[in-house]
Amino acid sequence: MAVDSLAGNAAVVAGGEMVTLEVFRYRPEEETEPVYQAYEVPVHKDWVVLDALNHIKDHLDGTLSFRWSCRMGVCGSCGMMVNGDATLTCATFVESLLPGPIRVGPLENFPVVRDLIIEMNDFMEKLESVKPWIIRDEEKSLEDGAYLQTPAQLADFKQFSMCINCLLCYAACPVYGLEPSFTGPAVIALAQRYNLDSRDQGAGERNAILNTDEGIWQCTLVGECSVVCPKDVDPAAAIQRYKVSSTLQWYQKLLMPWSGK
Amino acid sequence: MSANPQHTPYHPRWYRASMPIFWWMRRWIHARFILRELTSIFVAGYALVYLLQLRALGLGPEAYARFLDLLRSPLSISLHGVSLVFVIYHSITWFNLAPRALALRIGDRRVPDKVIAGLNFVAWISISAALAWVTLKG
Ligand code: SF4
Ligand code: FES
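Residues numbered from 1 in each chain as written. Chains lettered and ligands numbered in written order. Predicted model: local features only at pLDDT ≥ 70, side-chain atom pairs only at ≥ 80, totals over all residues. Heavy atoms only, no water.

**Observations concerning the packing of aromatic side chains**
Tallying each qualifying case throughout the model produces 12 aromatic pairs over all chains. Taking the centre distance of 5.4 Å and the plane angle of 75° together, the rings of Phe123 of chain A and Tyr170 of chain A count as edge-to-face. Within this pair, whereas Phe123 of chain A is found in helix 3 (residues 121-129), its partner Tyr170 of chain A is found in helix 5 (residues 168-172), the two being separated by 47 residues in sequence. Judged by relative accessible area, which is 1%, Tyr170 of chain A ranks as buried. Through successive ring pairs, a cluster of aromatic residues spans Phe24, Tyr26 and Tyr36 of chain A together with Tyr15 of chain B. For Arg193 of chain A, the ring lying beneath its charged end belongs to Tyr194 of chain A, and the centroid distance is 4.0 Å. (Phe/Tyr/Trp six-rings, centres within 6.5 Å; stacked < 30°, edge-to-face > 60°. Helix = DSSP H or I, 4+ residues; strand = E, 2+ residues; numbered from the N terminus. Buried < 20%, exposed > 50% of the residue type's maximum accessible area, 1.4 Å probe, protein only. Lys NZ or Arg CZ within 6 Å of the ring centre and 35° of its normal.)

**A look at a nonpolar patch on the surface**
On the surface, a nonpolar cluster with roughly 750 Å² of combined accessible area is contributed by Trp250, Tyr251, Leu254, Leu255, Met256 and Trp258 of chain A. A relative accessible area of 59% means that Leu255 of chain A is categorised as exposed. (Patch = residues over 30% accessible without salt bridge, like charges linked within 9 Å, V, L, I, M, F, W, Y side chains within 5 Å. Areas by Shrake-Rupley, 256 points an atom, 1.4 Å probe, with all protein chains shown as cover. Salt bridge = Lys/Arg side-chain N within 4 Å of Asp/Glu carboxyl O.)

**Things to note about the interface of chain A and chain B**
Facing the 37 residues of chain A at the interface are 25 residues of chain B. Summing the contributions of chain A and of chain B, the shared interface buries around 2500 Å²; its carbon and sulfur component is 55%. Considering only the side of chain A, the residues that lose the most area to chain B are Pro111, Leu221 and Arg241 of chain A, jointly responsible for 19% of the buried surface there. Put simply, chain A and chain B have one salt bridge between them. A salt bridge links Asp85 of chain A to Arg27 of chain B; the nearest nitrogen and oxygen atoms lie 2.3 Å apart. (Contact = heavy atoms within 4.5 Å. Buried area = accessible area lost by both parts, 1.4 Å probe.)

**Things to note about the pairing of strand 3 (residues 79-82) of chain A**
Residues and elements named next belong to chain A. Burial along strand 3 is two-sided: Gly79 and Met81 and Met80 and Val82, pointing in opposite directions, are all buried. Across four bridges, the pairing between strand 3 and strand 4 (residues 85-88) is antiparallel. Across the sheet, residue Met81 finds its bridge partner in strand 4, namely Ala86. Linking strand 3 back to strand 4 in an antiparallel pair, the connection comprises two residues, with Asn83 at a positive phi of about 50°. Both strand 3 and strand 5 (residues 102-105) contribute to a ladder of two bridges, which runs antiparallel. Looking at strand 5, one finds that Met81 is bridged to Gly105. (Pairing = 2+ DSSP bridges.)

**What to know about the pattern of salt bridges**
All names here are of chain A. Under the counting rule described, the total for this entry stands at 15 salt bridges over all chains. Between Asp61 and Arg25 there is a salt bridge, and its shortest N-O distance comes to 3.0 Å. With Asp61 in the loop between helix 2 (49-60) and strand 3 and Arg25 in strand 1 (residues 18-25), the pair connects residues that are 36 residues apart, well separated along the chain. Linked through salt bridges whose partners overlap, the residues forming this network are Arg25, Asp61 and Asp115.

**A word on the domain arrangement of chain A**
All names here are of chain A. When the domains of chain A are assigned, the result is domain 1 (5-118) and domain 2 (121-259). Its C-alpha centre places domain 1 at a distance of 32 Å from the equivalent point of domain 2. At the junction of the two partners, domain 1 supplies 15 residues and domain 2 supplies 13 residues. Summing both partners gives a buried area of about 990 Å² for domain 1 against domain 2, and 67% of it is carried by carbon and sulfur. Summed over the three residues of domain 1 that lose the most area to domain 2, namely Ala86, Asn109 and Phe110, the buried surface amounts to 48% of that side. Seen at the junction of domain 1 and domain 2, the total is zero salt bridges. The tally of links between domain 1 and domain 2 comes to four residue pairs in polar contact (both at pLDDT 80 or more). At the level of secondary structure, the elements contributing two or more residues to the side of domain 1 that touches domain 2 comprise strand 3 and strand 4. A breakdown of the residues in the side of domain 1 that touches domain 2 according to their chemical character gives nine nonpolar, five polar and one charged. (Domains from an automatic or database assignment. Polar contact = N/O pair within 3.5 Å; in protein donor to acceptor, adjacent residues only side chain to side chain. Nonpolar A, V, L, I, M, F, W, Y, C, P; charged D, E, K, R; others polar.)

**Some remarks on the environment of Ser181 of chain A**
Considering the arrangement of structural elements, one finds Ser181 of chain A in the loop between helix 6 (174-178) and helix 7 (185-195). Every residue in contact with Ser181 of chain A, bar those within four places of it in the chain, is listed here: Lys126, Glu214 and Gln218 of chain A.

**A few points about the site of ligand 1**
In the neighbourhood of ligand 1, the contacting residues comprise Cys163, Ile164, Asn165, Cys166, Leu167, Leu168, Cys169, Ala186, Cys229, Pro230, Val233 and Pro235 of chain A. For the shell around ligand 1, the class distribution of residues is 11 nonpolar, one polar and no charged. (Near = heavy atom within 4 Å.)

**Here's the deal with helix 8 (residues 203-210) of chain A**
Residues and elements named next belong to chain A. Within helix 8, burial applies to Arg206, Asn207 and Leu210. The arc enclosing the buried residues of helix 8, seen along the axis, measures out at 110°, which places them on a common side. Buried residues along helix 8 sit in contact with helix 7 and helix 10 (235-255). (Arc of directions from axis to C-beta.)

**Points about the side chain of Gln218 of chain A**
Residue and element names in this part refer to chain A. Position of Gln218 among the secondary structure elements: in the loop between helix 8 and helix 9 (224-228). Here Gln218 falls in the buried class, since its relative accessible area comes to 13%. The contact partners of Gln218, leaving out residues within four places of it in the chain, are Val175, Glu179, Ser181, Phe182 and Asp213.

The structure is reproduced here in structure tokens:
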């Protein structure tokens, strides 16, 4: 099987057709400003942009740096700007972008370490800050067995759990570009993933971080995050629903100060 | 935080692109978003006219008649025409976004986005029609 797919890769669409890839190059030891470098790449029917980049790396220019791993839309490491769109390069066919040239750049709104590689510590720190794990007031002991959950309860948050941390939503979010302090789409969606989990009791703790200007309230509902998300997480919906529920909570506190938390 | 690291041979300089002022002109979807934000001014304008009208009503019949005259001026009518277009744009984009904020469930199934947006549109159009009927009839 594996051999078959390799053979398939050799099938050139039209006799020797080539396409130009203009690739963002930034080599900090050589240049202070990035440049675009053009490479001629053969057109193959079943090639995605990532295959074209690997062709460059293997045959044309071994110094080109980029991240990838699974080649099947699961690991979330191959996100780049292709012709200005934030996209997984392993899920974007070269054929759909012909005749080219195809412009490939690093994800926007992040510092670039080298070529197509961005620095994502900011995201990792924000993700950790919202405690993306199940929080219990009191843990059950092992003898008491597992925390049970019905399919309907699972359905409440499942969509938000599909996130692969590819950061396309951050690259597409102009609010994050303008205000890097914004917690951002995926982190809020992942916080909601736990808030909506019937086994979790940490919504109050997360609320302290998210019900702030830098949390949900900086979002102006541009909606691009949900458009680019390859996993249909719909982070825009997660944020808007969070806004609705914290507004309701605020009114509840105002009108019924005695009503618990 | 790691936002401003020390650049050493082992921590080479990062490249940071800054966002141009006209970032929203680069993509149609962003331009559409900025346009939606701008239409809020016209929505506020409508609200203001309404408040002024209430004030004129409170000041007595003459003041109210003067106010109505003002509303009939060509300038006011053309301003209202422009506002109407923007307010309709605002409403349509807003109702299209309603499913983002509302996750309704009937039994085990999510109510589809189209139904939620559709219900908003139906409510909007029927309330507007009812109001128009009451106003124009009088
Ligand atoms: S929410 Fe979607 S676009 Fe954002 S990181 Fe997760 S999978 Fe990627
Ligand atoms: S290489 Fe894993 S998502 Fe593209």
